[in-house]
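# Summary of structural features
Here are the chains, one letter per residue:
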Amino acid sequence: MAKRQDNEGEGLSQEKQGGLISKGIKAGVKLLVFKEKTPVDNFILEGVDERKQEERREEEDVAAVHTAKDDKTGEKARANKGKLRQKKSKKCKKPMRVKRLSEQKGPITLDNLLVSPELKVNKEYLETIFSLPENKDFVLRDFKIFSDKPTAAFALFMEGMADRSTINEGVLKPLMLLDGGQDSSNDVTGIKMAEYIKERVVYGNQVDIIEKYEDIVEKVNYGGTAVFIDGCPRCILVETKGWDRRPIGKSETEQIIWGPHEAFNETLRSNTGLIRKSIRNTNLMTELIKVGVQNRTDAAVMYMKNIANPRLVEEVKRRIEAVKSDYVGESGMLEQFIEDHPFMPVPQILATERPDRVVTYILEGKVAILIDGNPHVLIVPTTFFSLLQTSEDYYLRLPYGNILRVLRVGAMFIATTLPAVYVAITTFHQEMIPTDLILAIAAARETVPLPTVVEVFMMEFAFELIREAGLRVPGVIGNTLGIVGALILGQAAVQAGIVSPILIIIVAVTGLASFTIPNYSMAFALRGIRFAFTALAAVFGFLGVSAAFFVILTSLASMKSFGVPLLVPKGPKTKTESDVVLRGPVWSMEERPDYLDTLNRRRQPRISRKWTVESGKRGDDN
Amino acid sequence: MLFVCLFSILITAGCWGARETDEMGYVLSLGIDQGVENVIQVTFQIAIPQSPEGGGGGGGGDKENNIVVSVEAASLFGALQLANSFVSRELTLIHNRAVIVSEEIAREGINKYLEPLVRSREIRRNTFFLVTRGMAKEFVESNQPLLERNAARDFELLLAGRKVVGFIPNSIINDIHRSVNDYGREAIVALVGVNNDKKGEEKQEDYQTMVKSETALFPNEVPREGGNKIEAIGLAVFHGDRLKGYLNGLETSYYQMITGDFRSAIYSFPDPEKPDGHLIVVRVTKGRNPQFKVVFEEGKVVPSLEVTLALEGEILSIQSGLEYEKGSKEKELEEYLARYLASGANDVIKKTQNELACDIFGLGDKLRKYFWTFQEWKDYNWLEKYPSSEVNVKVNLIIRRTGLSS
């Protein structure tokens with residue numbers, strides 16, 4: 001690099017030359033001199049440290065106590081637990097002064113704002129926060145609580161997010177009609193009133209009594225209904241979530257033939273439900289973390305408490321919590337925020353939309369990250385080999401599953417190297433292939449005016465065009481486009497003498513092979529790598545191909561996914577349960593992956609098929 | 001940083017020899033003759049690439065698929081360069097399948113033509129090296145394969161035929177180059193030639209002679225009509241790097257039996273009980289590798305060797321209809337066949353000892369282990385002593401299959 005810049009400098013005029021050269025040298029030296037990377041807080045998954053684990057347990061206990069006080073409903077307890085911890089770490093040093101509305105000056109901020117006992121004040125306040133009545137999404141319903149002395153109240157909810165009938169039947173109806181029963185004492189006022197309503201009046205299955213505006217806004221934004229009562233310095237929040245959602249459908253991007261077909265949809269709670277449906281175990285933890293500064297989307301971190309390495313869980317939560325960005329509402333975006341090597345082509349986090357796959361990984365000791373509004377679930381840590389696997393591999397009998405696996409590994413090599421090998425052989429190493437074949441290739445190329453490389457790049461580009469166009473085009477003409485594209489590319493290009501027929505085969509096989517890669521990101525990575533391979537092959541022949549292989553392999557070997565090397569269990573060799581490319585029988589997979597360093601290593605006893613050793617109870621041989 | 005390093009490594013070490021397939025002229029075979037105006041005349045057979053669908057525009061299937069050019073030059077590669085003065089494509093030997101030298105060249109010494117072939121990285125060492133009894137140019141020109149699309153493939157299949165016939169020996173550059181410079185063996189080269197549809201002049205009178213001469217032929221002697229004009233049968237015996245003599249097809253099959261290269265061949269034996277007009281046709285295959293027994297007798301410098309061949313037979317035809325496969329008759333037949341083959345093999349050995357004085361069987365290699373140093377072995381000069389050694393061939397033949405009819 002330095003040399004090249006020197007040469008450039010020589011060509012220029014004399015007076016400029018000196019400056020340029022020194023600049024060039026500086027730049028060159030900068031490039032050549034080894035620079036230490038800026039230290040990053042790297043996470044390495046090691047053995048579980050006993051001491052730290054104890055500390056953590058204590059911490060958890062504290063949190064549990066807090067949550068027990070706060071609320072009894074399970075879900076919110078977990079959510080609050082996360083929040084509590086967050087608060088604890090952030091705000092324990094400097095306790096903020098709690099402000100009342102009367103003290104409020106200047107523009108209203110949500111921080112530490114509390115509900116006022118006066119209904120009017122609350123109303124004004126909410127009108128400012130939600131920009132009522134300009135903001136039409138929020139509905140403020142005034143009513144009077146039916147009791148001996150009717151009390152003014154209002155309910156606030158969001159149109160479209162909250163379920164209409166639930167609000168009517170579960171919130172407004174009991175409050176307006178049914179209260180004032182015989183044992184209601186008239187002197188119930190203030191906070192006690194809220195308690196009373198929560199305990200005896202409102203039907204909602206999740207009812208909270210909240211003091212802070214921060215929490216109220218968040219709940220209302222997520223479909224809750226807030227009820228404010230005159231004279232009560234608390235707000236009653238009823239869970240009335242209910243919006244239009246896509247039903248659970250078939251998996252579109254990871255289709256299999258054998259096994260369950262259901263896929264995640266866009267609702268976080270039904271997604272967690274799908275997982276919990278398969279793992280009926282109280283050790284399955286779901287921790288909710290808010291991501292995105294503006295959108296505050298829920299991200300759920302799911303893992304097995306008794307299996308997953310606590311340090312791994314901690315790291316996952318640390319990374320998600322540390323993401324500060326306006327909008328993180330999609331698992332792909334979150335993936336980019338928390339992955340280890342953003343510039344490497346190969347993905348380090350596995351995304352799947354199949355609950356059965358997530359379940360197997362969670363039971364293996366990995367951690368799943370679900371994001372609300374997204375059907376794709378992230379699995380960490382991920383290994384390179386799991387990117388080439390599908391759940392069907394495990395469901396099928398051993399020989400069939402292995403056939404699929406071998407096929408897919410072959411496809412991976414074809415998808416990355418076939419065009420490169422073709423270019424290298426036809427332009428550099430013609431002696432490598434049989435005479436008949438080279439003569440056939442030569443004959444096919446006889447009419448082609450372009451060099452092989454140009455030909456290959458042209459066809460590859462055209463193929464990518466078909467793929468992309470088929471994806472973007474409206475569904476109705478999508479199929480036609482594929483046929484037209486294939487016809488035009490295949491038949492016409494050959495007849496026009498622009499490309500050789502053999503190349504069509506090469507490109508088609510490469511395309512087919514890249515479609516067999518089950519992971520979408522991985523398929524992308526291989527497509528990108530393929531072009532690099534082809535370019536290198538065109539310039540350097542097989543030397544280029546092998547150099548590219550070298551670079552790819554070394555960079556793969558250097559990559560990590562949440563503290564676990566990407567090529568494990570082969571990169572650093574670890575103990576493995578014969579499930580890398582080929583897999584062993586399901587009953588032989590006795591231990592969880594070594595690299596995860598799980599709390600509970602054994603997956604099944606050494607003899608899991610007990611019937612093989614049961615004495616005296618053998619079935620008849622015939 | 002990393003990329004700069006890698007790139008410079010690639011640039012300095014990269015192979016900058018990108019060549020498109022349609023810029024190359026692939027030489028399929030080349031022939032070497034004595035030159036008239038210069039030292040040698042080299043004939044190249046260059047492939048014309050043809051698409052598999054058989055010529056879309058032409059419609060005719062019988063398009064020429066190769067051209068033959070001859071150049072006179074001082075050396076092989078000189079000729080290759082000179083040929084590019086009128087051949088538009090860069091000639092390359094990377095797909096060359098056979099090198100054919102004429103009898104004249106072979107008598108003069110093949111070493112100086114083998115050496116560049118072995119040294120060149122374009123030529124594979126398993127390229128066929130062949131001797132033709134006429135002009136190499138004529139042979140290359142005559143080789144217009146009918147069944148195959150290119151001449152290289154034709155050679156490959158023709159010479160691969162040695163797996164089922166006995167009269168074509170293995171003849172690749174690597175082996176020949178090694179044996180030419182070996183102290184324990186002499187080189188042999190497969191013999192090829194052009195047959196101009198020459199039929200036998202007159203029918204031979206004797207039935208026995210006809211049977212015996214079934215494969216005892218040289219190129220240009222095969223009684224046939226039609227087909228590709230070239231044929232491969234028999235071998236050329238070299239003394240050092242000079243042509244010494246020939247073995248015909250039948251002798252070649254015995255030669256291969258003794259060296260162990262033999263795979264299988266079909267022999268016609270006169271019926272021992274009805275010798276006139278009746279044959280027993282047997283496919284003979286190699287059972288095991290031949291066993292060599294070396295005996296250095298007291299006081300004698302030259303050892304005596306005993307070669308035991310283990311062969312197997314499959315009866316294809318017994319024209320007389322006698323039931324040889326039944327009972328003790330089978331044993332008798334086996335012994336008869338073994339005797340017959342042994343005498344044939346011994347005749348070939350006698351011929352190489354007396355007439356040719358060349359140890360083409362590589363018997364010397366079996367003696368090497370009796371010498372402590374290479375120098376001793378070299379000084380022993382086995383190739384000179386071979387004619388005076390005593391070699392005896394024994395044959396063990398077992399009939400494995402008798403065919404379906406009884």
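Residues numbered from 1 in each chain as written. Chains lettered and ligands numbered in written order. Predicted model: local features only at pLDDT ≥ 70, side-chain atom pairs only at ≥ 80, totals over all residues.

## Considering the overall build of chain A
When you go through chain A residue by residue, the secondary structure sums to 20 helices and twelve strands. Taken over 622 residues, chain A has a buried fraction of 33%. Once local pairs closer than 6 in sequence are excluded, the contacts in chain A between residues at least 24 apart make up 64%. (Helix = DSSP H or I, 4+ residues; strand = E, 2+ residues; numbered from the N terminus. Buried ≥ 20, exposed ≤ 12 C-beta atoms within 10 Å, placed from the backbone. Contact = placed C-beta atoms within 7 Å.)

## Observations regarding the packing of helix H16 (residues 452–472) of chain A against helix H18 (residues 501–515) of chain A
Residues and elements named next belong to chain A. Relative to each other, H16 and H18 sit at 45 degrees, their axes nearing to 10 Å. Put simply, H16 runs oblique to H18. Like other packed secondary-structure pairs, H16 and H18 cross with a definite hand, here right-handed. Note on element contacts: H18 touches H16 through Leu 503, Val 507 and Gly 511, opposite Glu 455, Val 456, Met 459, Glu 460 and Phe 463. Along the lines of polarity and charge, the residues of the contact of H16 with H18 split into five nonpolar, one polar and two charged. (Axes fitted to C-alpha atoms, helices over the stretch in contact; angles between N-to-C directions. Parallel < 35°, antiparallel > 145°, perpendicular 65-115°, else oblique. Left-handed = near helix turned anticlockwise from the far one by under 90°. Nonpolar A, V, L, I, M, F, W, Y, C, P; charged D, E, K, R; others polar.)

## So, the domain arrangement of chain B
Residues and elements named next belong to chain B. Domain annotation for chain B reports domain 1 (24–48 + 65–247) and domain 2 (251–406). Centre-to-centre, using C-alpha coordinates, domain 1 lies 28 Å away from domain 2. Listed by contribution, the elements that provide at least two residues to the side of domain 1 that touches domain 2 are helix H8 (207–212), strand E8 (230–239) and strand E9 (242–247). No other element matches E8, which puts four residues into the side of domain 1 that touches domain 2. Residue composition of the side of domain 1 that touches domain 2, by class: eleven nonpolar, eight polar and six charged. (Domains from an automatic or database assignment.)

## Remarks on the pairing of strand E7 (residues 297–304) of chain A
Residues and elements named next belong to chain A. Where burial is concerned, most of E7 is hidden: seven out of the eight residues are buried. Alignment of strand E6 (residues 284–291) against E7, held across eight bridges, turns out to be antiparallel. In the sheet register, Met 285 faces E7, and the bridge partner there is Tyr 303. Linkage of E6 to E7, two consecutive antiparallel strands, is achieved through a turn of five residues, within which Gly 292 is found at a positive phi near 85 degrees. (Pairing = 2+ DSSP bridges.)

## Quick word on the confidence of the model for chain A
Predicted coordinates in regions of low pLDDT should not be interpreted in detail. All names here are of chain A. Considering every residue of chain A, the mean pLDDT works out to 80; 80% of them sit at 70 or more. Looking over chain A, one finds the lowest element-wise mean pLDDT in helix H1 (residues 2–10), namely 44, and the highest in strand E9 (residues 367–371), namely 94. Scored below 50 in pLDDT, residues 1–13 makes 19 contacts in the model with residues more than four places away or belonging to other chains. This model gives residues 67–95 a pLDDT under 50, and the stretch forms 23 contacts once residues within four places in sequence are excluded. (pLDDT = per-residue confidence, 0-100.)

## Overview of the interface of chain B and chain A
Each partner contributes residues to the interface: chain B has 27 residues there, and chain A has 27 residues. In terms of residues, the side of chain B that touches chain A owes the most to one element, helix H1 (residues 2–13) of chain B, which gives four residues. By residue class, the composition of the side of chain B that touches chain A is 14 nonpolar, seven polar and six charged.

## Section: the sheet that holds E9 of chain A
Across a sheet, strands are paired by hydrogen bonds formed along the backbone, either parallel or antiparallel in direction. All names here are of chain A. The strand order across the open sheet formed by five strands is E6-E7-E9-E10-E8, and the pairing between neighbours is antiparallel. Taken across any chain shown, the strands that pair with only one partner, and hence form the sheet edges, are E6 and strand E8 (350–352). On average, each strand axis in the sheet is inclined to that of its neighbour by 25 degrees, with strand direction left out of account. Sheet contacts for helix H9 (residues 268–278): E6, E7 and E9; angle to E7, the most-contacted strand, approximately 10 degrees.

## Here's the deal with the environment of Leu 378 of chain A
Residues and elements named next belong to chain A. Here Leu 378 is to be found in strand E10 (residues 377–380). For Leu 378 and Gly 332, which are 46 residues apart along the polypeptide, the C-alpha to C-alpha distance reads 8.5 Å. In contact with Leu 378, other than residues within four places in its own chain, are Ser 331, Leu 334, Glu 335, Ile 349, Ala 351, Ala 368 and Ile 369.

## Topic: unusual backbone geometry
Backbone torsion omega between Val 380 of chain A and Pro 381 of chain A reads -15 degrees, so that peptide bond is classified as cis. Pro 569 of chain A follows Val 568 of chain A through a cis peptide bond whose omega is 5 degrees. Residue Asp 597 of chain A is not a glycine yet carries a positive backbone phi of 50 degrees. Tracing the backbone shows Asp 597 of chain A in the segment after strand E12 (564–565). Located in the positive-phi region is Asn 381 of chain B, a residue other than glycine, with phi close to 55 degrees. Relative to the helices and strands, Asn 381 of chain B resides in the loop between helix H12 (374–380) and helix H13 (382–385).

## Some details on the domain arrangement of chain A
Here chain A is partitioned into domain 1 (106–239), domain 2 (268–382) and domain 3 (397–565). Between the C-alpha centres of domain 1 of chain A and domain 2 of chain A there is a distance of 34 Å.

## Considering the environment of Pro 223 of chain B
Structurally, Pro 223 of chain B is set in the loop between H8 and E8. In this structure, the C-alpha to C-alpha distance between Pro 223 of chain B and Asn 195 of chain B, residues 28 residues apart in sequence, is 9.0 Å.

## Here we look at the sheet that holds strand E4 (residues 224–229) of chain A
Residue and element names in this part refer to chain A. Here five strands make up an open sheet; going across it, the order is E1-E2-E4-E5-E3 and the pairing antiparallel. Two strands bound the open sheet, and with one partner strand each, they are strand E1 (138–145) and strand E3 (207–210). The sheet shows a mean angle of 25 degrees between the axes of neighbouring strands, direction not considered. Bridging between E4 and strand E5 (residues 235–239) involves five bridges; their strand directions are antiparallel. Its bridge partner lying in E5, Gly 224 is registered against Glu 239. Sheet strands touched by helix H8 (residues 213–221): strand E2 (151–158), E3, E4 and E5. Its angle to E4, the strand with the most contacts, is close to 135 degrees.

## Side note on the packing of helix H14 (residues 398–427) of chain A against H16 of chain A
Residue and element names in this part refer to chain A. Orientation of H14 relative to H16, taken along the N-to-C sense of each, is 160 degrees, at an axis distance of 10 Å. Considering their axes alone, H14 and H16 lie roughly antiparallel with respect to each other. Pair H14 / H16 crosses with right-handed handedness. Where H14 abuts H16, its residues Pro 419, Tyr 422, Val 423, Thr 426 and Thr 427 lie against Thr 452, Val 453, Val 456 and Glu 460. Within the contact of H14 with H16, the residues separate by chemical class into five nonpolar, three polar and one charged.

## What to know about H14 of chain A
Residues that lie three or four places apart on an α-helix share one face, since the helix turns once every 3.6 residues. With 30 residues, H14 of chain A should cover 44 Å at 1.5 Å per step; its first-to-last C-alpha distance of 42 Å lies within 8% of that length. Along H14 of chain A, the helix axis deviates most sharply at Thr 417 of chain A, where the bend reaches about 50 degrees; the proline Pro 419 of chain A sits within four residues downstream. (Expected span 1.5 Å × (residues − 1). Bend = angle between axes of the 7 residues up to and from the residue.)

## Overview of H16 of chain A
Residue and element names in this part refer to chain A. For H16, which comprises 21 residues, the first-to-last C-alpha distance of 30 Å matches the rise-based estimate of 30 Å (1.5 Å per residue) to within 8%. Those residues of H16 not exposed but buried are Thr 452, Glu 455, Val 456, Met 459, Glu 460 and Phe 463. Seen along its axis, H16 keeps its buried residues to an arc of 125 degrees; they face one direction. Opposite the buried face of H16, by more than 90 degrees, sit the exposed residues Phe 461, Leu 465, Glu 468 and Arg 472. (Arc of directions from axis to C-beta.)

## A closer look at the nonpolar core
Core analysis: the largest hydrophobic core is formed by 103 residues, its most contacted members being Val 101, Val 189 and Ala 236 of chain B. Excluding its chain neighbours within four sequence positions, the residues that come into contact with Val 101 of chain B are Ile 32, Ala 106, Ile 110, Tyr 113, Val 131 and Ala 136 of chain B. (Core = buried A, V, L, I, M, F, W, Y, C linked by C-beta atoms within 7 Å.)

## Notes on the confidence of the model for chain B
Residues and elements named next belong to chain B. With 92% of its residues at a pLDDT of 70 or more, chain B shows a mean pLDDT of 85. The secondary-structure element of chain B with the lowest mean pLDDT is H1, recorded at 71, while strand E5 (residues 98–102) shows the highest, at 93. Confidence over residues 54–61 falls short of pLDDT 50; this stretch has six contacts with residues more than four positions distant or in other chains. Both scores are available for the predicted complex, with the pTM at 0.76 and the ipTM at 0.80.

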